[in-house]
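Residues per chain, in single letters:
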Amino acid sequence: MNKSELKPAVVFEQFAKINQIPRPSKREEKMIAYLKEWGESHKLETKVDETGNVIIRKPATPGMENRKTVILQSHMDMVCDKLVDYDIDFDNDPIKTYIIDEEWLTAEGTTLGADDGIGCAIELALLESDDIAHGPIECVFTRDEETGLTGAEGMKAGFMTGDYLINLDSEDEGEMFVSCAGGRNTTATFNFKREEAPAGYFFLRAQLKGLVGGHSGDDINKQRANAIKLLSRFLYTTINRYDGVRLARFDSGKMHNAIPRDGQFVIAVPNAVKENVKADWNVFASDVEDEFHVTDTQMVWTMESTDPETVIEPAVARNIISALQAVDNGVYAICQDPALNGLVETSSNVASVVTSDAQVVVVSSQRSNVMSNLDNMCATIGACFKLAGAEVVHSDGYPAWKMRSESVLQKIVVESYVRLFGKQPIVRGIHAGLECGLFSERYPNLDMISFGPTLRFVHTPDERLHIPTVQMVWDHLVDVLKNIPTI
């Protein structure tokens, strides 16, 4: 398949243009300018709020003026992750895409940006089309969803005026989302003094890469390996097996909402045990590969000598390693509501570790569909780091979106799907944060649902979009808009 053959063409043409525009989270200025100019050039009412969210309104087509207004919503930013050895400037360079296996679109060495560039493309395609029947629509493009939902957080009541909202930020075609988790980040900062390593020490740099990683909410139950937890596990065993091992640095992970897929540390070990440590590393690698032989099959382990550098004072280093060994990671509880069909309720993901000259900063992400349990999970993670001597700060986070028992929009969407495809869609909650949670606070009467084409390995350089599902979502959305009730 050639990219020129992708269907629906109107959507993939918009997506190709979007991927020429740099749009890292918190640095979406070029995308905001593009959307503003696009809306105005098409003579559509276009506004940008003080936060940077963009809304483009399109009047109803003839005969549909009495239908209720529908809001279509996606986020304009993307997670910018890349392979370690791939060269790209995310602030200036385009995303390069190609097709694999005849039905998946992916990117060269980076995240694809289909999360949620494909949602933006669907909105723009609908705005540009002149052959689709619909009532009044409001296309909303929020900024900075990926690093805290700050675009939705900063949106004031009244910016959107519609009755129904369709969020286009879901990743499994055929699944309709009616609930999402709330979330919060916990940041633990360890302060330390550097010192020279003792005489007779040998420096080793260990690196782990090639893990699958994934979204820290939607993929947390898939038992994928976490690079931070694996590396800290080896360090914890090593400092307890050999006296005098010193930690110089530990770095892993990039995004608060991604399972870390690579990382490295530098340690100094007494000359007498350096070969033992190398041998232990090889044994550990083999054991872990066996543990994760189903989910993570491409692990790459290296350990080599490196130049001497200053090390972290021993008491603090031991506390850092012990805390990372002890801190909870993964699924904590499953939803009790049978309507949510075994959805993960509460979880935590250790997302990043960054070492500087005088600090090690650890960021972890907690999620829950039950806000009291989110508070408890944050307290649990915070207590672990506080006991190890870290300064702990919790972010404000974002609320959960509760399932609406009497949803007119859900009924329309489900009936449309059955009519088009001859099967029932899956209606469920999601253990990721959707902006619908924040919208539900500002717009308590807004009837909402979320759906989208199939994506895999989001937030990683393996991210891919299932091409056939884009046509399905497009057809479904067009049919839903034709069946919106009258005012």
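Structural notes, computed from the coordinates. (Residues numbered from 1 in each chain as written. Predicted model: local features only at pLDDT ≥ 70, side-chain atom pairs only at ≥ 80, totals over all residues. Heavy atoms only, no water.)

**Some words on helix H3 (residues 114–128)**
Okay, so step 1: With 15 residues, H3 ought to run about 21 Å at 1.5 Å a step, and its terminal C-alpha atoms sit 20 Å apart, in line with that.
Okay, so step 2: A large share of H3 lies buried, amounting to 14 of its 15 residues. (Helix = DSSP H or I, 4+ residues; strand = E, 2+ residues; numbered from the N terminus. Expected span 1.5 Å × (residues − 1). Buried < 20%, exposed > 50% of the residue type's maximum accessible area, 1.4 Å probe, protein only.)

**A word on the pattern of salt bridges**
Okay, so step 1: By the definition in use, this model includes 26 salt bridges.
Okay, so step 2: For the salt bridge of Lys156 with Glu50, the shortest nitrogen-to-oxygen distance reads 3.2 Å. Taken together, the residues Lys156 in the loop between helix H4 (150–154) and strand S7 (164–167) and Glu50 in the loop between strand S1 (45–48) and strand S2 (54–58) connect sequence positions 106 residues apart.
Okay, so step 3: Taking the shortest distance from any N to any O, the salt bridge between Lys254 and Asp262 comes out at 3.5 Å.
Okay, so step 4: Taking the relative accessible area as the measure of exposure, Lys254 reaches 46% and is therefore partly exposed.
Okay, so step 5: A relative accessible area of 11% means that Asp262 is categorised as buried.
Okay, so step 6: Taken together, the shared-partner salt bridges in this structure form one network comprising Glu45, Lys47, Arg57 and Glu138. (Salt bridge = Lys/Arg side-chain N within 4 Å of Asp/Glu carboxyl O.)

**Examining the sheet that holds strand S4 (residues 97–100)**
Within a sheet, neighbouring strands are paired by backbone hydrogen bonds and run either parallel or antiparallel to one another.
Okay, so step 1: Across the sheet, four strands lie side by side as S4-S5-S25-S24; this open sheet has antiparallel pairing. Both outer strands of the open sheet, S4 and strand S24 (455–456), are each paired with one neighbouring strand and no more.
Okay, so step 2: Judged from the three bridges that link them, strand S5 (residues 104–107) and strand S25 (residues 464–466) form a sheet pairing that is antiparallel. By the bridge assignment, Leu105 is partnered in S25 with Leu465.
Okay, so step 3: In the packing of helix H11 (residues 467–482) onto the sheet, the strands contacted are S4, S5 and S25, and the crossing angle to S25 comes to about 55°. (Pairing = 2+ DSSP bridges. Contact = heavy atoms within 4.5 Å. Axes fitted to C-alpha atoms, helices over the stretch in contact; angles between N-to-C directions.)

**What to know about unusual backbone geometry**
Okay, so step 1: Residue Pro8 is reached from Lys7 by a cis peptide bond, and omega for that bond is -5°.
Okay, so step 2: Locating Pro8 in the fold gives a position in the segment before helix H1 (9–18).
Okay, so step 3: Here Asp115 and Asp116 are connected by a cis peptide whose omega angle stands at 0°.
Okay, so step 4: With respect to the element layout, Asp116 can be found in helix H3.

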